[in-house]
Amino acid sequence: MKKRSNGNKFILIILIILLIFALYAYYVDGNTLNFNNEDIEEIEYINDDIEIEESNVDEKENVEKNEIEDIVKEEKVKETKKDEVVENKVETKLNVSPYLNNVTNNTGIVIKEGWQNIITTYLDLYTESLITLESKDVSNLFTSPKGIEAYLVNTIIDFKVKHDKMQKNDMSLSEASYDIEYTNVSIEGNRIKIKFLENDYYKFKFMNNISKVFDVETTIMLRKENGKYTIDYIRTGRDHYVMFTDIIDTDKDRKSDIDKLKAKYLSWIQDEANENARLLEEVNKKDYQPKSCNHEYDRDLATAYAMKYSDRRNSNYYDYSNDGGNCANYASQVIYAGGIPMDIVGNYEWKYYGKELDTTNTKNGRSNSWTSTNYFYEYAKNNSGYGMCADTDINIFYALGGDVIQVGYDGFTHTAVVLNKIVKDDKIIDISINSNTVGLENYPLLAYTYQNKRLIKILGYNDWYKLNFMVYL
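Note that the coordinates shown come from a computational prediction; the quantities given were computed from them, not determined experimentally. Numbering of residues begins from 1 in every chain and follows the order in which that chain's sequence is written. Only residues with pLDDT of at least 70 are given local features in this predicted model, and only at 80 or more are side-chain atom pairs given and counted; all residues enter the totals for whole chains, interfaces and linings. Derived side-chain values reflect all non-hydrogen atoms in the structure, with water molecules and hydrogen atoms excluded from consideration.

A.B. asks: Describe in detail the side chain of Glu-149, supporting the description with residues and values.
C.D. replies: Secondary structure elements follow DSSP: runs of H or I of four or more residues count as helices, runs of E of two or more count as strands, with numbering from the N terminus. Within the fold, Glu-149 resides in helix H3 (residues 148-166). Taking relative accessible area as the criterion, Glu-149 reaches 14% and is therefore assigned buried. Contact definition: two residues touch when any of their heavy atoms are within 4.5 Å. Discounting residues that sit within four places of it in the chain, Glu-149 has contacts with Phe-142, Asp-232, Tyr-233, Arg-235 and Thr-250. Only protein chains enter the calculation, and the probe is 1.4 Å; a residue is then buried if its accessible area is under 20% of its type maximum, exposed if over 50%, and partly exposed in between.

And the structure:
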């Protein structure tokens, strides 16, 4: 019994050991499998993280790349805007002109303020020269400050100043202003050609009322470089400009030619100033004795018409402003309004029945004398029968309202109408005039730089039937 019990114990121990090994093996294998599965899953998770991180890196790089591109674009935009701001400062910083009144634009093109700034700067300097009778230098406004165009304009302004200083009256201004009316703009590359009309309002110190200048035609060529505008050239219809720009060719002539022309003109002006002093002394001592005419001239009606149409046109007559000038046409209308009848009788005619020229003794078209400065003078001087009765080639300061004054520097090229005498201390010191092309109103005759001046004194008119009666006698 005892041996059997020990054997059973031994077998039981063996079984327990085997069970332990089995359990151990099972435990180890199971843990290994579980470890491997978890490890695989963890590795896969890690790989996923790596892929996600790699994807995020790509996306991040793309985002950063896009952000960098956006930043670059923004910087470029900022730089462009910065340039535009600089440009706008040049073109939109409007000069505050103390003399500019109204601006009108009839071009259909927006007038850049940069254009207007350079124009008003030039006009202001010109105006200040007339106010003070001290020449203002405009050369720095020009593309070539030391070039011939700048020299020409400076010379013209100085000539006008010296002319006014030579006059007996104080020709400086106590008030001055101007309007601008833009009429045409053409752009080619960096050059801008601008045409405008200018109206001026001057108060001469020796006069009581404002003098007006209408529709001064000006062409100015601007150039733009590095955001800055400068002037290539200026051409304008003012008398003192025309005296130079009609003679000087800036492509051929030199500064010395401009100087010689100025010296010649100043010599003429000095001679004229001396002669005017003599004529004023004569007229203030001796009355004019008119010749007899059948009918007197209505000066009140004539000057009323002259005032009404100094800055506009009567639609009953063709406007010759763009066909050689409207000055003689305007003067003829004034005289006709003063009661002088049209004349189709004899060798000298004076008529307007239509805008086209007609030299026959009929009520058709117009005569040369109606629209031409020199033909009008010939008619007024030579007509001795029916029609206008006038006196010519007499002291210009005998002029009264409704008379005609003709001026020029090379002969006589412009006709004006006398508005009134300018009197100081009971003495005549000048004559005020009106005209068309260039339009003038209450403008002093002696402010004209044209040295040639002559009076056509309108006295009245003669009847046709009285003329024929005298012929038959």
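A.B. asks: Summarise the packing of aromatic side chains; cite the residues concerned and give the values.
C.D. replies: Only rings of Phe, Tyr and Trp enter the pairing, Trp through its six-membered ring, and a pair is recorded when the two centres are within 6.5 Å. The plane angle decides the type: under 30 degrees is stacked, over 60 is edge-to-face, the rest tilted. The tally for this structure, following the rule as stated, stands at 22 aromatic pairs. Residues Tyr-336 and Trp-370 carry aromatic rings whose centres are separated by 6.2 Å and whose planes lie at 65 degrees to one another, so their mutual orientation is edge-to-face. Placement of Tyr-336 in helix H7 (residues 327-337) and of Trp-370 in helix H8 (residues 368-371) is noted, with a sequence separation of 34 residues between them. Judged by its relative accessible area of 0%, Trp-370 is buried. Judged by centre distance (6.3 Å) and plane angle (15 degrees), the ring pair of Trp-350 and Tyr-379 falls under stacked. Placement of Trp-350 in the loop between H7 and H8 and of Tyr-379 in helix H9 (residues 373-382) is noted, with a sequence separation of 29 residues between them. Overall, Tyr-379 belongs to the buried group, its relative accessible area being 1%. Put simply, the rings of Phe-159, Tyr-202, Phe-204, Phe-206, Phe-244, Tyr-265, Trp-268, Tyr-409, Tyr-443, Tyr-448 and Tyr-450 touch in pairs and so form one group of aromatic residues. Across from the ring centre of Tyr-309, 5.0 Å away, lies the NZ or CZ of Arg-312, which sits over that ring. Here, over-ring charges are defined by two tests on the NZ atom of lysine or the CZ atom of arginine: distance to the ring centre within 6 Å, and angle to the ring normal within 35 degrees. Here the guanidinium or amino end of Arg-454 rests over the ring plane of Phe-412, the centre of that ring lying 3.9 Å away.

A.B. asks: If you had to explain the side chain of Glu-349 to someone new, which residues and values would you point to?
C.D. replies: If you trace the backbone, Glu-349 turns up in the loop between H7 and H8. Only 3.4 Å separates the side chain of Glu-349 from the backbone nitrogen of Asn-361, close enough to count as a polar contact. For Glu-349, the contacting residues outside a window of four places in its chain are Asp-343, Ile-344, Asp-358, Thr-359, Thr-360, Asn-361, Thr-362, Ser-367, Ser-369 and Tyr-379. Residues adjacent in sequence count toward polar contacts only when both atoms are side-chain atoms; beyond that, a polar contact is any pair of N or O atoms within 3.5 Å, and within protein one must be able to donate a hydrogen and the other to accept it.

A.B. asks: Lay out the state of the cysteines with the relevant residues and their values.
C.D. replies: The criterion for a disulfide is a pair of cysteine sulfur atoms lying within 2.5 Å. For the coordinates displayed, the defined rule picks out one disulfide. Covalently, Cys-293 is tied to Cys-389 through a disulfide, its sulfur atoms 1.9 Å apart. Here Cys-293 and Cys-389 share a disulfide; its torsion about the S-S bond, -60 degrees, makes the bridge left-handed. With Cys-293 in the loop between helix H5 (255-283) and strand S6 (295-296) and Cys-389 in strand S7 (residues 387-392), this pair connects stretches of sequence that are 96 residues apart. Each member of the pair, Cys-293 as well as Cys-389, carries the same accessibility label: buried.

A.B. asks: Requested: an account of the confidence of the model for the protein chain, with residues and values cited.
C.D. replies: pLDDT runs from 0 to 100 and stands for how confident the predictor is about each residue. Mean pLDDT over the protein chain works out to 86, with 79% of the residues at or above the 70 mark. Within the model, pLDDT remains below 50 along residues 27-61, and this stretch shows zero contacts once partners closer than five positions in the same chain are excluded. Low confidence marks residues 466-473, where pLDDT is under 50. Its contacts with residues over four positions away, or in another chain, come to three contacts.

A.B. asks: Report on the nonpolar core, specifying residues and quantitative values.
C.D. replies: The tendency in soluble globular proteins is for nonpolar side chains to be buried side by side. Only buried residues count toward a nonpolar core, which is a set of Ala, Val, Leu, Ile, Met, Phe, Trp, Tyr and Cys residues joined through side-chain atoms within 4.5 Å. If you look at the biggest cluster of nonpolar residues, it comprises 81 residues, and the most contacted ones within it are Ile-119, Ile-194, Phe-204, Ile-231 and Phe-244. Contacts of Ile-119, omitting those with residues within four sequence positions, involve Ile-180, Tyr-182, Ile-194, Phe-196 and Ile-220. Core analysis: the second largest hydrophobic core is formed by 27 residues, Tyr-305, Tyr-309, Tyr-330 and Ala-380 among them.

A.B. asks: Can you break down the pattern of salt bridges residue by residue, with the values?
C.D. replies: The term salt bridge refers to a side-chain nitrogen of Lys or Arg lying within 4 Å of a carboxyl oxygen of Asp or Glu. A full pass over the atoms with the stated rule returns 18 salt bridges. Of the charged contacts, one joins Asp-158 and Lys-262 as a salt bridge, the two residues approaching to 2.4 Å between their closest N and O atoms. Placement of Asp-158 in helix H3 and of Lys-262 in helix H5 is noted, with a sequence separation of 104 residues between them. Here Arg-238 and Glu-198 are joined by a salt bridge, their closest N and O atoms 2.8 Å apart. With Arg-238 in the loop between strand S5 (228-236) and helix H4 (239-245) and Glu-198 in strand S3 (residues 191-204), this pair connects stretches of sequence that are 40 residues apart. Each member of the pair, Arg-238 as well as Glu-198, carries the same accessibility label: buried. Salt bridges linked by common partners bring Asp-158, Lys-162 and Lys-262 together as one network.

A.B. asks: Let's hear about the layout of surface pockets: which residues, and what values?
C.D. replies: If you add up the space inside the largest pocket, you get close to 990 Å³. Method remark: on a 1 Å grid restricted to protein atoms, a set of points is classed as a cavity if a 1.4 Å probe fits but cannot get out and as a pocket if it is open with protein on both sides within 12 Å along at least five of seven lines; lining residues have an atom within 4 Å of a point. Surrounding the largest pocket, 47 residues form its lining, Asp-215, Gly-237, Arg-238, Thr-437 and Val-438 being those nearest its centre. Elements that contribute at least two residues to the lining of the largest pocket include exactly helix H2 (113-132), H3, strand S2 (173-188), S3, strand S4 (211-225), S5, H4 and strand S11 (439-444). As a working rule, the residues Ala, Val, Leu, Ile, Met, Phe, Trp, Tyr, Cys and Pro are called nonpolar, Asp, Glu, Lys and Arg charged, and the rest polar, with Gly in that last group. Here the residues of the lining of the largest pocket sort into 18 nonpolar, 16 polar and 13 charged. Grid points are joined across faces, edges and corners, and a volume is the space filled by probe spheres set on the points.

A.B. asks: Outline H2, supporting the account with residue identities and numerical values.
C.D. replies: A helix is expected to reach a length of 1.5 Å times the quantity of its residues less one. Relative to the 28 Å expected for 20 residues at 1.5 Å per residue, H2 spans 28 Å between its end C-alpha atoms, a close match to the ideal helical length. Taken across its 20 residues, H2 has 15 buried, putting it largely inside the fold. Of the residues flanking the end of H2, it is Leu-133, one or two places downstream, whose phi is positive at about 55 degrees.

A.B. asks: Tell me what's going on with the environment of Met-171, and back it up with residues and numbers.
C.D. replies: Here Met-171 is to be found in the loop between H3 and S2. Residue classification places Met-171 among the buried residues on the basis of a relative accessible area of 1%. The spatial distance from the C-alpha of Met-171 to the C-alpha of Ala-447 is 7.5 Å, given a sequence separation of 276 residues. Excluding its chain neighbours within four sequence positions, the residues that come into contact with Met-171 are Leu-130, Leu-133, Asp-164, Phe-204, Phe-206, Pro-444, Leu-446 and Ala-447.

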